[in-house]
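Read off the chains here:
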Amino acid sequence: MITLYVLIGLLILIGIWIALLYNGLVRADNVCEESWADIDTELKRRYNLIPNLVETVKGYARHERETLNEVIEARNRAMASTGSPESQSQDENALVEGLRQIFALAESYPDLKANENFLDLQQALSNTEDRIQTARRVYNANVRNLNNRLEVFPSNLVASGFGFRAREYFEVEDAAVREVPSVEF
């Protein structure tokens with residue numbers, strides 16, 4: 001009879017242990033979701049700034065329409081990208097490269113560089129890039145924590161049993177894209 005009680009007690013302890021591991025994995029997964037939402041918020045802020053920036057540049061650089069259209073197309077692709085962090089990061093890389101081209105155009109137009117609206121938009125975009133970078137770091141740290149929990153024993157047993165999956169990092173591939181677009185006066 002004592003063996004039965006010990007066995008029941010052991011099963012209860014194992015059940016509690018599994019529940020605690022499961023709840024920890026759920027919390028880690030939810031933190032990753034929340035971090036991704038923060039990135040998404042900052043990306044939307046950037047998407048909203050870009051049309052204003054392009055319109056300001058159009059007023060000064062009428063013959064640079066092809067470059068400006070490429071930036072708008074890159075923005076639209078990035079906005080429509082709702083896949084994995086890896087696919088979104090590729091679209092974001094193209095958008096950042098287009099923004100870099102706009103800022104390079106500004107070098108050729110001194111009046112544009114002096115335009116207060118353009119300078120305000122540049123500053124707002126630079127601040128948004130900083131916030132995206134911060135949100136990306138937080139997201140990637142949370143993904144690392146979740147992925148570690150999914151891979152280490154014994155939580156990997158619970159994770160595989162309940163269908164938890166590793167998440168992808170939100171990375172910028174090209175080293176040149178890692179830099180915030182230069183804002184020079």
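See the structure above.
Keep in mind that this is a model prediction, so the values were computed, not measured.

> Sorry if this is basic, but what is going on with the overall build of the protein chain here?
From N to C terminus, the protein chain includes six helices and zero strands. Along the protein chain, helices and strands appear, N-terminal first, in the series α-α-α-α-α-α. Against the compact-globule benchmark of 16 Å for 185 residues, the protein chain has a radius of gyration of 24 Å, which places it well outside the compact range. Oriented by its inertia axes, the alpha-carbon framework of the protein chain measures out at about 90 × 25 × 25 Å.

> Would you mind showing me how to read helix α2 (residues 65–80) here?
Since the α-helix advances by 3.6 residues per turn, residues separated by three or four positions end up pointing in the same direction. Its 16 residues place the ends of α2 22 Å apart at the C-alpha level, agreeing with the 22 Å of an ideal helix rising 1.5 Å per residue. Looking only at α2, the buried set comprises Thr67, Leu68, Val71, Ala74, Arg75 and Ala78. Taken around the axis of α2, the buried residues stretch over an arc of 120°, which confines them to a single face. Turned more than 90 degrees away from the buried face of α2, the exposed residues are Glu66 and Ala80. On the buried face of α2, the contacting elements are α1 (2–60) and α3 (85–107).

> Where do I start with the packing of aromatic side chains in this structure?
Aromatic rings considered in pairs are described by the distance between their centres and by the relative angle of their planes. Scanning the entire structure with this criterion turns up five aromatic pairs. Between tyrosine 22 and phenylalanine 162, the aromatic rings sit 4.7 Å apart at their centres with planes inclined by 55°, giving tilted as the arrangement. Residue tyrosine 22 is located in helix α1, and its partner phenylalanine 162 is located in helix α6 (residues 155–162); the two are separated by 140 residues in the primary sequence. Judged by relative accessible area, tyrosine 22 falls into the partly exposed class, the value being 31%.

> I tried to follow the packing of α1 against α3 on my own but got confused; where do I start?
Two quantities define a packed helix pair, namely the angle between the helix axes and the distance between the axes. Where α1 contacts α3, the two axes come as close as 12 Å, and the packing angle between them is 30°. With respect to α3, the axis of α1 lies roughly parallel. Judged by the twist between their axes, the crossing of α1 over α3 is left-handed. When α1 is examined against α3, the residues Trp36, Leu43, Arg46, Tyr47, Ile50, Leu53, Val54 and Val57 are found in contact with a partner set consisting of Pro85, Gln88, Glu92, Leu95, Val96, Leu99, Ile102, Phe103 and Leu105. Residue classes in the contact of α1 with α3 are distributed as 14 nonpolar, one polar and two charged.

> So what exactly am I meant to see when it comes to the pattern of salt bridges here?
Two side chains that carry opposite charge are able to pair once their charged atoms sit near each other. The tally for this structure, following the rule as stated, stands at eight salt bridges. Across the salt bridge formed by arginine 167 and aspartate 29, the nearest N and O atoms sit 3.1 Å from each other. You can see arginine 167 sitting in the segment after α6 and its partner aspartate 29 sitting in helix α1, a full 138 residues away along the chain. Aspartate 29 sits in the partly exposed class, given a relative accessible area of 23%.

> How do you make sense of the packing of α1 against α6 when you look at a structure like this?
Packing of α1 against α6 brings their axes to within 9 Å, and their N-to-C directions diverge by 70°. Taken together, the axes of α1 and α6 are roughly perpendicular relative to one another. Between α1 and α6, the contacting residues are Ile18, Leu21, Tyr22 and Leu25 on the first element and Ser155, Val158, Ala159 and Phe162 on the second. Broken down by class, the residue content of the contact of α1 with α6 amounts to seven nonpolar, one polar and no charged.

> So what exactly am I meant to see when it comes to the environment of glutamate 86 here?
As for its position among the elements, glutamate 86 is in helix α3. With relative accessibility at 42%, the residue glutamate 86 sits in the partly exposed group.

> In this structure, what is going on with a nonpolar patch on the surface? I would like to understand it.
There is a patch of nonpolar side chains on the surface, built from Met1, Leu4, Tyr5, Ile8, Ile12, Leu13, Ile16 and Leu20 and spanning about 870 Å² of accessible area. Positionally, tyrosine 5 belongs in helix α1. Residue tyrosine 5 is classed as exposed on the basis of its relative accessible area of 54%.

Rules used in this analysis
- Residues numbered from 1 in each chain as written.
- Predicted model: local features only at pLDDT ≥ 70, side-chain atom pairs only at ≥ 80, totals over all residues.
- Heavy atoms only, no water.
- Helix = DSSP H or I, 4+ residues; strand = E, 2+ residues; numbered from the N terminus.
- Rg over C-alpha atoms; globule rule 2.2 N^0.38 Å.
- Expected span 1.5 Å × (residues − 1).
- Buried < 20%, exposed > 50% of the residue type's maximum accessible area, 1.4 Å probe, protein only.
- Arc of directions from axis to C-beta.
- Contact = heavy atoms within 4.5 Å.
- Phe/Tyr/Trp six-rings, centres within 6.5 Å; stacked < 30°, edge-to-face > 60°.
- Axes fitted to C-alpha atoms, helices over the stretch in contact; angles between N-to-C directions.
- Parallel < 35°, antiparallel > 145°, perpendicular 65-115°, else oblique.
- Left-handed = near helix turned anticlockwise from the far one by under 90°.
- Nonpolar A, V, L, I, M, F, W, Y, C, P; charged D, E, K, R; others polar.
- Salt bridge = Lys/Arg side-chain N within 4 Å of Asp/Glu carboxyl O.
- Patch = residues over 30% accessible without salt bridge, like charges linked within 9 Å, V, L, I, M, F, W, Y side chains within 5 Å.
- Areas by Shrake-Rupley, 256 points an atom, 1.4 Å probe, with all protein chains shown as cover.

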